[in-house]
Amino acid sequence: MRKYIIFILLLKSNFLFAQDYLDILRAGDFNNLVNPGYSVLEGNNSIKIKDSRFLSNNNYKYSLSLISLGLSFDHSKTNVRDSIGDLIYRKQNHKGITLDFSNYGDDIYTRNSIGLGFSIKKQLSRKYSLLYTLKFSLISDYAELINFNENDPIYISWLNKNQRQVSSSFNPSLIFLSKELLIGLSYHRNLQINNQINIFGNSLIFTGKYSYLINSNSLDFNFNYVLLNNNLNISSIMFNLNFRENQRFILGERNFNELYLGYGINILDFNIDLIYNFTIGEKSIKEINVYSLGLKYNLKNF
């Protein structure tokens with residue numbers, strides 16, 4: 001019986017590892033945890049706040065809070081001319097700094113992190129640009145491990161550290177974009193020091209977006225695919241219908257197991273999104289019943 005209980009707890013903990021990606025890896029959710037370059041991609045200054053929680057926990061906890069600041073600077077414009085001196089296009093480049101704070105918690109683990117990123121955006125041609133970002137994060141983990149196998153080396157290691165550890169990570173990323181197309185690649189690598197435990201593993205995240213104009217409205221198709229070394233890979237798609245210039249409907253799925261619906265509106269310098277995520281299949285150990293509130297405030301440029 002004891003072995004059976006330990007097996008269930010370990011199985012549950014593996015599921016919880018994946019829960020760290022429940023919201024931040026939703027397609028179309030362009031935040032710093034998916035790709036640290038998103039906060040300075042457009043060359044504007046902004047503050048983003050995100051909060052996700054279970055509506056009814058059923059004795060199961062889940063929460064994810066994120067606040068990020070993106071500052072763009074060193075804007076430059078260079079005229080590109082042909083061989084006879086006629087203007088072809090105006091090349092626009094800029095640099096950026098991102099700062100984010102995140103808190104994640106569930107039944108077993110609590111994670112707090114702070115990240116600092118540096119970005120450079122170069123316009124390659126009239127249509128295409130490339131943004132490169134390198135982010136470093138400091139991470140603090142706490143675990144409430146109960147009824148685990150006392151001979152398990154992971155359990156012993158956590159007990160020896162008072163069920164806490166401090167680690168760091170680095171996150172290089174690229175974003176290739178045009179007016180209609182966006183392709184992102186982001187690598188998350190945990191820097192293990194002194195036999196620290198890499199709880200959530202390393203990941204490689206592919207993101208994509210294509211915008212299609214429909215009269216005065218637009219339809220965005222978003223795609224995410226995440227390669228995880230500690231868990232099953234994650235895929236997600238989302239359709240985002242923008243209408244009336246300042247409103248949008250959101251519809252998407254993750255792993256063909258979860259469906260999410262949402263509505264967004266832009267009011268002055270604020271962008272607000274409310275999304276509800278729920279289970280439609282039987283692949284998940286726990287029923288997903290999560291709301292997600294996103295708020296973006298556009299600051300004035302320096």
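Preceding this paragraph is the structure being described.
Please read all numbers here as calculations on a predicted model, not as lab measurements.

Novice: When you look at unusual backbone geometry in this model, what are you seeing that I'm missing?
Specialist: Leaving glycine out, the prevailing phi sign among residues is negative, and the prevailing peptide bond configuration is trans. Positive phi is not limited to glycine here, since Asp74 has a value of about 55 degrees. Looking at the element boundaries, Asp74 is found in strand 2 (residues 62-81). Of the residues examined, Asp74 reaches a relative accessible area of 44% and is grouped as partly exposed. Even without being glycine, Arg244 reaches a positive phi, approximately 55 degrees. On the secondary structure map, Arg244 appears in the loop between strand 10 (234-243) and strand 11 (247-254).

Novice: I'm lost on the environment of Ser113 in this one. Help?
Specialist: You can see Ser113 is positioned in strand 4 (residues 109-123). With a relative accessible area of 13%, Ser113 lands in the buried category. When the C-alpha positions of Ser113 and Asn103 are compared, they lie 6.7 Å apart, and in sequence the two are 10 residues distant. The contacts of Ser113, once residues within four sequence positions are left out, are Asp100, Phe101, Ser102, Leu138 and Ile139. One polar contact links Ser113 to Ser102, side chain to side chain, over a distance of 2.5 Å.

Novice: Please explain the pattern of salt bridges as it appears in this structure.
Specialist: Side-chain pairs of opposite charge can arise whenever the charged atoms involved come near each other. A full pass over the atoms with the stated rule returns seven salt bridges. Where Asp74 meets Lys95, a salt bridge forms, and the shortest distance between an N and an O atom there is 3.4 Å. Here Asp74, found in strand 2, pairs with Lys95, found in strand 3 (residues 87-106); they are 21 residues apart in sequence, far enough to count as distant. With a relative accessible area of 34%, Lys95 lands in the partly exposed category. For the salt bridge of Lys209 with Asp220, the shortest nitrogen-to-oxygen distance reads 3.9 Å. Of this pair, Lys209 sits in strand 8 (residues 203-214) while Asp220 sits in strand 9 (residues 217-228), placing them 11 residues apart in sequence.

Novice: Would you explain the packing of aromatic side chains in this entry?
Specialist: When we look at a pair of aromatic rings, we describe it by the centre distance and by the angle of the planes. One pass over the structure, following the stated rule, counts six aromatic pairs. Taking the centre distance of 5.9 Å and the plane angle of 55 degrees together, the rings of Phe249 and Tyr263 count as tilted. Of this pair, Phe249 sits in strand 11 while Tyr263 sits in strand 12 (residues 258-267); the two residues are 14 residues apart in sequence, bridging distant segments of the chain. For Phe249, a relative accessible area of 46% gives the class partly exposed. Judged by its relative accessible area of 31%, Tyr263 falls in the partly exposed class. Every member of this aromatic cluster is reached through a ring pair, and the members are Phe243, Phe249 and Tyr263.

The rules behind these values
Residues numbered from 1 in each chain as written. Predicted model: local features only at pLDDT ≥ 70, side-chain atom pairs only at ≥ 80, totals over all residues. Heavy atoms only, no water. Helix = DSSP H or I, 4+ residues; strand = E, 2+ residues; numbered from the N terminus. Buried < 20%, exposed > 50% of the residue type's maximum accessible area, 1.4 Å probe, protein only. Contact = heavy atoms within 4.5 Å. Polar contact = N/O pair within 3.5 Å; in protein donor to acceptor, adjacent residues only side chain to side chain. Salt bridge = Lys/Arg side-chain N within 4 Å of Asp/Glu carboxyl O. Phe/Tyr/Trp six-rings, centres within 6.5 Å; stacked < 30°, edge-to-face > 60°.

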